[in-house]
Amino acid sequence: MPVSSRIILASRSPRRAWLLRQAGLDVVQIDPPFADPPAPHQAHPDAWALAMDLAASKAQSVLDAGYAFTHADAESLLGAKRQVSEGGTLLLAADTIVIAPAPGCHLLGQPADRAEAAAMLALLIGHSHQVVTGVALVRLPDRRVITFADAAHVTIGSLPALELQTYLNSQAWRGKAGGYNFAELEHIWPITVQGDPTTIIGLPMQALRRRLEELAAEERE
């Protein structure tokens with residue numbers, strides 16, 4: 001990445017933290033005090049706008065309520081608090097939504113239970129669908145907000161019934177938009193992708209890189 005930003009990641013996701021660290025960014029994770037509204041997605045007409053709105057709401061919840069860190073290392077906590085007060089720090093939040101294929105085109109978030117996970121996967125397996133991830137970047141300390149989204153297309157081939165039941169019984173669907181974790185299943189299930197795979201994982205790194213380059217260019221002007 002061409003910018004030496006420190007990232008305060010407002011997400012419990014180890015996948016998002018891993019992607020940022022793989023890009024060479026200095027990352028501290030915090031647990032945003034935000035709960036996804038129950039089943040908001042079916043009634044929303046625009047998945048891109050919804051994903052960005054939810055990401056922005058997660059970031060705002062951190063700004064409103066303070067920082068709830070996901071680890072107890074006192075030295076790291078103090079370091080993160082110093083970073084927040086300095087220039088060049090970005091608060092980052094993201095939200096991923098799966099758009100089920102036609103004719104329903106339902107917007108799918110995280111399943112609440114096994115039955116809902118099974119219902120979501122029944123819509124997706126054997127078909128192509130779209131995954132949209134929205135991102136909110138908040139520049140600190142001035143709190144300027146930048147939102148953007150990216151989409152990728154995923155096709156999941158047919159699965160044997162026993163393999164699907166084993167997966168559902170494993171609880172691996174918990175916390176996963178659409179009920180599946182692409183990063184864990186891409187080499188196990190018959191999955192093909194068009195677009196940036198990191199968008200499906202939960203943080204569109206190609207689009208994020210462009211935004212960070214733009215911010216770096218602004219700072220140099």
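Residues numbered from 1 in each chain as written. Predicted model: local features only at pLDDT ≥ 70, side-chain atom pairs only at ≥ 80, totals over all residues. Heavy atoms only, no water.

Once that is clear, we can look at the overall build of the protein. Of regular secondary structure, the protein possesses eight helices and seven strands. Put simply, the protein has 221 residues, and 48% of those count as buried. Counting only contacts in the protein whose residues sit at least 6 apart along the sequence, the fraction spanning at least 24 positions is 71%. (Helix = DSSP H or I, 4+ residues; strand = E, 2+ residues; numbered from the N terminus. Buried < 20%, exposed > 50% of the residue type's maximum accessible area, 1.4 Å probe, protein only. Contact = heavy atoms within 4.5 Å.)

Attention shifts here to the nonpolar core. By size, the foremost hydrophobic cluster in this structure holds 46 residues, and its most contacted members are Leu20, Leu92, Leu137, Tyr180, Trp189, Leu203 and Leu208. Among residues more than four places away in sequence, those in contact with Leu137 are Leu90, Leu91, Leu92, Arg144, Val145, Ile146, Phe148, Leu208, Arg211, Leu212 and Leu215. Core analysis: the next-biggest nonpolar cluster, separate from the first, contains 13 residues, Val28, Ala55, Val62 and Val138 among them. (Core = buried A, V, L, I, M, F, W, Y, C linked by side-chain atoms within 4.5 Å.)

Looking now at the confidence of the model for the protein. A residue-level look at the protein finds 81% of positions with pLDDT of 70 or above and a mean pLDDT of 84. Taken element by element, the protein is modelled with least confidence in helix 3 (residues 74–85), mean pLDDT 47, and with most confidence in strand 6 (residues 144–156), mean pLDDT 96. Low pLDDT (under 50) marks residues 68–78, which in the prediction has 15 contacts with non-local residues, meaning those over four places away or in another chain. (pLDDT = per-residue confidence, 0-100.)

Now for the packing of aromatic side chains. With the rule as written, the count across this model stands at one aromatic pair. On the basis of an interplanar angle of 70° and a centroid distance of 4.9 Å, the ring pair of Tyr167 and Trp189 is categorised as edge-to-face. A residue pair is termed long-range when its members are at least 10 positions apart, and Tyr167 in helix 5 (residues 161–169) and Trp189 in the loop between helix 6 (182–185) and strand 7 (191–194) qualify at 22 residues. For the pair formed by Tyr167 and Trp189, the shared burial category is buried. Of note, Arg211 hangs over the ring of Phe148, and the distance from its end group to the ring centre comes to 4.5 Å. (Phe/Tyr/Trp six-rings, centres within 6.5 Å; stacked < 30°, edge-to-face > 60°. Lys NZ or Arg CZ within 6 Å of the ring centre and 35° of its normal.)

Another point: unusual backbone geometry. A positive phi is found at Arg143, a non-glycine position, where the angle reads about 65°. Turning to its location among the elements, Arg143 is positioned in the loop between strand 5 (128–140) and strand 6. By relative accessible area, Arg143 is classed as partly exposed at 45%. Unusually for a residue other than glycine, Gln171 sits at a positive phi of about 70°. You can see Gln171 is positioned in the loop between helix 5 and helix 6.

What follows is about the pairing of strand 5. Across the 13 residues of strand 5, ten count as buried, placing the element largely inside the fold. Where strand 3 (residues 89–99) meets strand 5, eleven bridges bridge the pair, whose relative direction is antiparallel. Counterpart to Ala94 in the pairing with strand 5 is Val135. Here strand 5 runs beside strand 6; their pairing, made up of twelve bridges, is antiparallel. Looking at the pairing, Gln130 lines up with His153 of strand 6. Here strand 5 folds back onto strand 6 in antiparallel fashion, the turn holding three residues, of which Arg143 has a positive phi close to 65°. (Pairing = 2+ DSSP bridges.)

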